[in-house]
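The residues making up each chain are set out below.
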Amino acid sequence: MSLLRQLIRGSTRWSSSRRLDIAIPARRPFHSMFRPHYTNVFPGAEIGSSRQRIEIENPATEEIICTVDAASPADVNAAVTAGMKAFQSGIWANKDVNHRFDVLIKLADMLKSRMSEFAKYESLQTGRPIREMNAQLARLPEWLTYHASLARTHTGRIPPFKGKMLNTLTYSPLGVVAQITPWNHPLLIAIKKIAPALAAGNSVVVKPSELAPVSVLLFAEMALEARIPEGVLNVVCGLGAETGKALCEDSRIAKIDLTGGTETGRAVCAAAGKNLIPVTAELGGKTPVLVFPDIEVERAVKGALFASFIAAGQTCVTGSRIIIHEDIYDQFAASFVAKANALRIGDPLDTKTQVSTVINRASIDRCQRFVDQALSEGGKLLCGGSPAPVNGKGHFFQPTVIEVTPEMALANEEVFGPVIALIRSPSPAHMLATANSTPFALGAALWTSSLSLAHSVSQQLDAGLVWVNTHHNNDPSSPWGGWKDSGMGKENGVEAFEGYLKCKSTVVNWGEAGGVDWFEDNKGARYG
Ligand code: NAD
């Protein structure tokens, strides 16, 4: 195992943010679909100072599929400079919105035409089943077309203003923005951020996850072909603690948009605080799924199974604690466990595979720690509980279900893997109190056939996103984001687009032809 991979595997989190200080590749890159090495994307990147590389592993085979640049602080500086140069030139920021619309629509069309290729890249670098990646990526062009349409239709406002004054609100792009993205939905989350930022006229520097950056690099290359001007969309790969940190600390950055863990959120917000810039932070979660006794049990079981095991439990809104009313608990648990046991684990590229790997060895260890802790606290293992390598290889972990009580760690902390807590609950009030009892407030789901219960519980849930009788649904027009330790601000919707604009309020005096002389005796003391 190379030194770099040891560094990454040794991380205490499931993702790594350690400094990389060796030059590799140590081994010949493996996968024929990939180039041996990918450079960063910004003008001058090929001749940048980056001589450090990161190996990208296929989690299903543990083979190295390629290497990517690890951007040094000097590279980050060069990428931000490229963004500034493009922004100040007005080549994108000052272009007619019709032009930005046309280019983004073209980019959406190009993405559509390369969809199955991108899905395969996503699957190979994350280990996520191709079935999931095909479904997820098929919708990504919508983010580009939605925000392109907002750019074409967004208008200023004229709020009421006392007196003969005309107050206009106009909007302009922020400048160069930093976007820091995770590995679990590499392209979805990057495009969720890139689309509104570009539509609003900004320059962007994206720092994708060190674990799965290839699709984002390829997307940025494709954006150049679509005629996004050089320097407008830049990508710097590298570790969070080095490349990400350097990007967030650059005083020229006008906004940071991060998706990642809560601790990363705290570090990034501290950097943003120093430079007094806004942050959108989409962070961790511990999404509760509340199952009320009036629901048809099998319907809720199928919904909860999808909530829990899609992406092997590695989404920020994984239904990771299922809170079930005691009247239906036994029936629900028996069916849920039977279905979890029957999920087909295997090769992510096999269209029949339903659950595949977690991202790396550190994630396997993390899942195992949570299982061991839950059992030591008195939890009851209902299924799974162990790694499940296929032919001796791969970061596979069995779909795992453990019955716990609300105070146990598994009921409160984010696992980010297929380890799901079932909680028996005596009453709707207890279900709600349990749902609201963690520091997270991202997603929540509830299953009931009562319209009034659905509305009343939804209103009381501490969550930025609530699903009723469904889970995981997402749309470019629907604001997405959490509260408390799950972050701040929104992706998607007009909210995300306006988050990439600054508002100017201009007040025009259209009365008082002679002007006001404030200092004239008895006359001037009237203002506003
Ligand atoms: P992570 O926090 O380890 O890394 C996310 C990104 O931040 C990576 O690009 C990483 O290199 C970078 N980073 C790390 N430390 C940094 C620092 N000090 N400065 C700047 N950048 C830094 O998260 P991950 O393991 O990639 O993703 C999993 C986490 O993301 C989970 O907690 C999950 O809940 C969360 N997530 C949230 C959402 C959401 O919409 N709320 C969506 C997906 C994932």
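Given the structure is predicted, the values throughout are model-derived calculations rather than measurements. The residue numbering used here restarts from 1 in each chain and proceeds along that chain's sequence as written. Restriction of local features to residues with pLDDT of at least 70 applies here, the model being predicted, together with a cutoff of 80 or more for giving and counting side-chain atom pairs; totals for whole chains, interfaces and linings are based on all residues. The side-chain figures draw on all heavy atoms in the structure; neither hydrogens nor water molecules are used.

**With respect to the pairing of strand β10 (residues 287-291)**
Selection criterion: Exposed residues in this analysis have more than 50% of their type's maximum accessible area, buried residues have under 20%, and partly exposed residues fall in between, with area computed by a 1.4 Å probe over protein chains only. Put simply, DSSP H or I for four residues or longer makes a helix, DSSP E for two residues or longer makes a strand, and each gets a number counted from the N terminus. Whether two strands pair depends on DSSP finding at least two bridges between them. By convention, orient the strands away from the viewer: a clockwise path from the first strand over the helix to the second makes the crossover right-handed.
Of all five residues in β10, five are buried; the element is thus mostly enclosed. Burial of β10 is two-sided: the residues Thr287, Val289 and Val291 facing one way and the residues Pro288 and Leu290 facing the other way are all buried. With five bridges connecting them, β10 and strand β11 (residues 319-325) associate as parallel partners. Considered in β11, the bridge of valine 289 is made with isoleucine 322. Regarding the hand of the β-α-β motif, the stretch spanning β10, helix α11 (residues 297-309) and β11 is right-handed. Of the pairings in the sheet, the one linking β10 to strand β16 (residues 443-447) comprises three bridges and is parallel in character. Its bridge partner lying in β16, valine 289 is registered against alanine 445.

**Regarding the site of the ligand**
Going by this rule: Neighbouring residues are identified by heavy atoms, a residue being near a molecule or strand if any of them is within 4 Å of it. Pairing of N or O atoms within 3.5 Å defines a polar contact, subject to two protein rules: one partner must be a possible hydrogen donor and the other a possible acceptor, and residues neighboring in sequence count only if both atoms are side-chain atoms. Surface accessibility follows the Shrake-Rupley procedure with a 1.4 Å probe radius. Residue values consider only the protein chains on display as shielding.
Looking at the ligand, there are 32 residues lining it, with Thr181, Lys207, Glu210, Thr264 and Glu414 nearest. At 2.6 Å from an oxygen atom of the ligand is found a side-chain nitrogen or oxygen belonging to lysine 207. In this structure, an oxygen atom belonging to the ligand sits 2.6 Å away from a side-chain N or O atom of glutamate 414. In the complex, 96% of the free accessible area of the ligand, which totals 850 Å², lies under the protein chains. Elements with a contribution of two residues or more to the shell around the ligand: α9 (240-249), β8 (253-259) and α10 (262-275).

**Observations concerning the state of the cysteines**
The cut-off we apply is this: Note on terminology: pairs of cysteine sulfur atoms within 2.5 Å are recorded as disulfides.
A full pass over the atoms with the stated rule returns zero disulfides. Cysteine cysteine 316 is unpaired, with the sulfur of cysteine 269 as its nearest cysteine sulfur at 16 Å.

**So, the sheet that holds strand β19 (residues 487-488)**
To keep it simple, the criterion reads: A contact between two residues is defined here by any heavy atoms of the two lying within 4.5 Å. For helices, the fitted line uses only the C-alpha atoms of the stretch in contact; every axis is such a line through C-alpha atoms, and the angle between N-to-C directions lies from 0 to 180 degrees.
Read from one edge to the other, the open sheet built from six strands follows the order β7-β6-β5-β8-β9-β19, with strand pairing classed as mixed. The strands lining the two open edges of the sheet, one partner per strand, are β7 (233-235) and β19. Relative to strand β9 (residues 279-282), β8 is paired through four bridges, and the arrangement is parallel. Bridge pairing in β9 places aspartate 257 opposite threonine 280. Docked against the sheet, helix α8 (residues 214-225) engages β6 (203-207) and β7, running at close to 150° with respect to β7. Its contacts with the sheet place α9 against β5 (176-180), β6 and β8, and it is angled at close to 160° to β6.

**Thoughts on the confidence of the model for the protein chain**
Detailed reading of the predicted model is not advised wherever pLDDT is low. Applied cut-off: As a per-residue measure, pLDDT reflects the predictor's confidence and takes values from 0 up to 100.
Taken over all residues, the pLDDT of the protein chain has a mean of 93, while the share at 70 or more is 92%. Of all secondary-structure elements in the protein chain, the lowest mean pLDDT belongs to helix α1 (residues 3-9), at 38, while β5 reaches the highest, 99. Within the model, the stretch residues 1-25 combines pLDDT values under 50 with 67 contacts to residues more than four positions away or in other chains.

**Brief notes about the nonpolar core**
Heads up, the rule is: The nonpolar core is taken to be a set of buried Ala, Val, Leu, Ile, Met, Phe, Trp, Tyr and Cys residues, with the residues joined through side-chain atoms within 4.5 Å.
Formed by 65 residues in total, the largest nonpolar core has its most connected members in Leu111, Phe219 and Leu233. Residue contributions to this core peak at nine residues, all from helix α7 (residues 186-199). Setting aside residues up to four positions removed in sequence, leucine 233 forms contacts with Val41, Ile194, Leu198, Val204, Val206, Phe219, Ala220, Ala223 and Ile228. Core analysis: the next-biggest nonpolar cluster, separate from the first, contains 62 residues, Ala312, Ile324, Phe370 and Ala435 among them.

**Examining the pattern of salt bridges**
Heads up, the rule is: A carboxyl oxygen of Asp or Glu within 4 Å of a side-chain nitrogen of Lys or Arg is what we treat as a salt bridge.
Under the counting rule described, the total for this entry stands at 18 salt bridges. The salt bridge involving arginine 114 is made with glutamate 117; its shortest N-O contact spans 3.0 Å. Glutamate 117 gets classed as partly exposed once you look at its relative accessible area, which sits at 27%. The salt bridge partner of glutamate 263 is arginine 266, with a shortest N-O separation of 3.3 Å. On the criterion of helical spacing, the pair formed by glutamate 263 and arginine 266 is a turn pair, its members being three residues apart in helix α10. Given a relative accessible area of 45%, arginine 266 falls into the partly exposed group. Each member of the salt-bridge network shares a partner with another, and the members are Lys192, Lys193, Asp257 and Glu491.

**As for the environment of alanine 246**
Here alanine 246 shows up in helix α9. Sequence-distant contacts of alanine 246, that is, excluding residues within four places in its chain, are made with Pro73 and Val76.

**Section: the environment of isoleucine 420**
For isoleucine 420, the location among the structural elements is in strand β14 (residues 419-425). Judged by its relative accessible area of 0%, isoleucine 420 falls in the buried class. Here the alpha-carbon distance between isoleucine 420 and arginine 139, two residues 281 residues apart in the chain, equals 28 Å. In contact with isoleucine 420, other than residues within four places in its own chain, are Ser308, Phe309, Thr318, Gly319, Ser320, Ile322, Phe336, Thr400, Val401, Ile402 and Leu410.

**Examining the packing of aromatic side chains**
We describe a pair of aromatic rings using the distance from one ring centre to the other and the angle between the two ring planes. As a reminder, the rule being used: What counts as a ring pair is set by centres within 6.5 Å for rings of Phe, Tyr and Trp (its six-membered ring), and what kind of pair is set by the plane angle: stacked under 30 degrees, edge-to-face over 60, tilted for all other angles.
As enumerated under the stated definition, the model contains six aromatic pairs in all. On the basis of an interplanar angle of 85° and a centroid distance of 5.5 Å, the ring pair of tryptophan 183 and phenylalanine 416 is categorised as edge-to-face. With tryptophan 183 in the loop between β5 and α7 and phenylalanine 416 in the loop between β13 (400-404) and β14, this pair connects stretches of sequence that are 233 residues apart. With a relative accessible area of 4%, tryptophan 183 lands in the buried category.

**Comments concerning the packing of helix α3 (residues 97-113) against helix α6 (residues 140-153)**
Selection rule: An angle counts as roughly parallel when it lies under 35 degrees, as roughly antiparallel when it exceeds 145, as roughly perpendicular when it falls between 65 and 115, and as oblique in every other case. Note on residue categories: nonpolar means Ala, Val, Leu, Ile, Met, Phe, Trp, Tyr, Cys or Pro, charged means Asp, Glu, Lys or Arg, and polar means any other residue, Gly included.
Viewed as axis vectors pointing N to C, α3 and α6 meet at an angle of 170°, and their least axial separation amounts to 9 Å. Put simply, α3 runs roughly antiparallel to α6. Residues Val97, Asn98, Phe101, Leu104, Ile105, Leu107, Ala108, Leu111 and Lys112 of α3 lie in contact with α6, whose contacting residues are Leu140, Pro141, Leu144, Thr145, Ala148, Ser149, Ala151 and Arg152. Its residues assigned to classes, the contact of α3 with α6 shows 12 nonpolar, three polar and two charged.

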